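# Structure at a glance
Listed here are the chains, written in short residue letters.
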Amino acid sequence: MKKILLSLLLAAALLLSGCSPILNREYSVVQPHSFTYYEGNNRSVLRAESYQDVVNDLLVLIGSGAKEGTIWLYAGEEPLDAAEAAESACREVKEETPLGAYAVDYLSYTVDDSSRNYTEIRLTVGYRRSAEQVSSMVHATSIAALYDLLSAAAANGAEELVVQVSYFDRQEQEVAAIVERVQQEKQPGSVEKWPVHFYPDGGNAGIIEIILKNK
């Protein structure tokens with residue numbers, strides 16, 4: 001498992017309660033080949049022993065574009081109520097993580113504690129972005145690359161540019177200035193500004209969406 005500040009799974013690589021504010025939160029990125037989060041050789045079931053494990057498992061599912069998934073929650077060092085953990089983790093992923101805020105429409109779950117050794121959490125994921133939109137996301141370490149990326153997207157006639165950044169610290173105004181500069185260079189005299197959206201919205205975004213053309 002690797003930890004990367006405010007970075008989630010890359011979609012092409014397969015592709016977080018609410019009690020921790022996002023500004024103080026580091027989200028874990030779980031590589032798809034890591035067996036730590038799979039139940040042995042059963043690639044259809046993920047395992048968890050803590051709340052953070054549940055969060056990470058959700059990220060694995062969303063990163064892979066899965067519409068359904070199963071987590072086996074075992075008793076770990078921290079006492080967990082499975083239903084509360086699932087509810088909190090679903091809310092955190094959808095509202096506080098970049099990819100969740102950008103791509104997920106809803107998360108639902110059922111809990112089955114009939115097994116002796118673990119509690120089974122079955123999840124359903126609804127998306128508001130297509131797999132193509134997620135996979136076409138560009139990844140950058142900071143907004144320093146935004147000018148060049150946006151200039152190239154505009155020159156190529158792209159309808160939108162979605163950039164996932166590893167570092168972002170309340171830089172909305174800087175982003176807006178870059179977008180305005182590129183738009184004036186590519187569309188001199190343009191009155192209607194290109195819309196810019198941040199995910200999650202709240203000062204420490206991880207994904208920036210710029211709409212260049214109305215669909």
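## Remarks on the packing of helix α1 (residues 51–63) against helix α2 (residues 82–96)
Put simply, α1 and α2 touch, their axes get as near as 9 Å, and they point 50° apart. It follows from the interaxial angle that α1 and α2 lie oblique. α2 is crossed by α1, and the crossing has right-handed handedness. Here Y51, V54, V55, L58, L59 and I62 of α1 lie close against α2, whose contacting residues are A85, S88, A89, C90, E92 and V93. Looking at the contact of α1 with α2 residue by residue, the class counts come to 10 nonpolar, one polar and one charged.

## Some details on the pattern of salt bridges
Within this structure, the stated rule accounts for four salt bridges. Between R47 and E49 there is a salt bridge whose closest N-O contact spans 2.7 Å. A salt bridge links R91 to E87; the nearest nitrogen and oxygen atoms lie 3.3 Å apart. A residue pair is termed a helical-turn pair when its members lie 3 or 4 positions apart in one helix, as R91 and E87 do in helix α2 at four residues.

## Focus: the packing of aromatic side chains
In total, this model carries four aromatic pairs according to the counting rule given. Seen in terms of ring centroids, Y74 and Y118 are 5.5 Å apart; in terms of plane orientation they differ by 55°. Their pairing is tilted. Here Y74, found in strand β5 (residues 68–74), pairs with Y118, found in strand β7 (residues 118–127); they are 44 residues apart in sequence, far enough to count as distant. Relative to Y199, the ring of Y102 has its centre 5.3 Å away and its plane inclined at 75°; by these criteria the two rings are edge-to-face. With Y102 in helix α3 (residues 98–103) and Y199 in strand β10 (residues 196–199), the pair connects residues that are 97 residues apart, well separated along the chain. With respect to class, Y102 is no different from Y199; both count as buried. Through a chain of ring-to-ring contacts, the aromatic side chains of W72, Y74 and Y118 assemble into a single cluster. When the ring centre of Y147 is taken as origin, the NZ or CZ atom of R181, which lies over that ring, is 4.1 Å away.

## Side note on the confidence of the model for the protein chain
Counting all residues, the mean pLDDT for the protein chain is 82, and 79% of those residues have values of 70 or more. Of the regions scoring below 50 in pLDDT, residues 1–24 engages in 88 contacts with residues more than four places distant in sequence or in other chains. Under a pLDDT of 50 for its full length, residues 27–35 has, in the predicted model, 36 contacts with residues more than four places off or in other chains.

## Observations concerning the sheet that holds β10
Paired through backbone hydrogen bonds, the strands of a sheet run either parallel or antiparallel to each other. Here we have four strands laid out as an open sheet, ordered β8-β9-β11-β10, and mixed in their pairing. Each having just a single partner strand, β8 (138–140) and β10 make up the two edges of the open sheet. Going across the sheet, the axis of each strand differs from the next one's by a mean of 25°, ignoring polarity. Contacting β8, β9 (160–165) and β11 (207–211), helix α5 (residues 146–155) crosses the sheet at an angle of about 155° to β9. Packed on one face of the sheet, helix α6 (residues 172–186) meets β10 and β11 and runs near 145° to β10.

Rules used in this analysis
Residues numbered from 1 in each chain as written. Predicted model: local features only at pLDDT ≥ 70, side-chain atom pairs only at ≥ 80, totals over all residues. Heavy atoms only, no water. Axes fitted to C-alpha atoms, helices over the stretch in contact; angles between N-to-C directions. Helix = DSSP H or I, 4+ residues; strand = E, 2+ residues; numbered from the N terminus. Parallel < 35°, antiparallel > 145°, perpendicular 65-115°, else oblique. Left-handed = near helix turned anticlockwise from the far one by under 90°. Contact = heavy atoms within 4.5 Å. Nonpolar A, V, L, I, M, F, W, Y, C, P; charged D, E, K, R; others polar. Salt bridge = Lys/Arg side-chain N within 4 Å of Asp/Glu carboxyl O. Phe/Tyr/Trp six-rings, centres within 6.5 Å; stacked < 30°, edge-to-face > 60°. Buried < 20%, exposed > 50% of the residue type's maximum accessible area, 1.4 Å probe, protein only. Lys NZ or Arg CZ within 6 Å of the ring centre and 35° of its normal. pLDDT = per-residue confidence, 0-100. Pairing = 2+ DSSP bridges.

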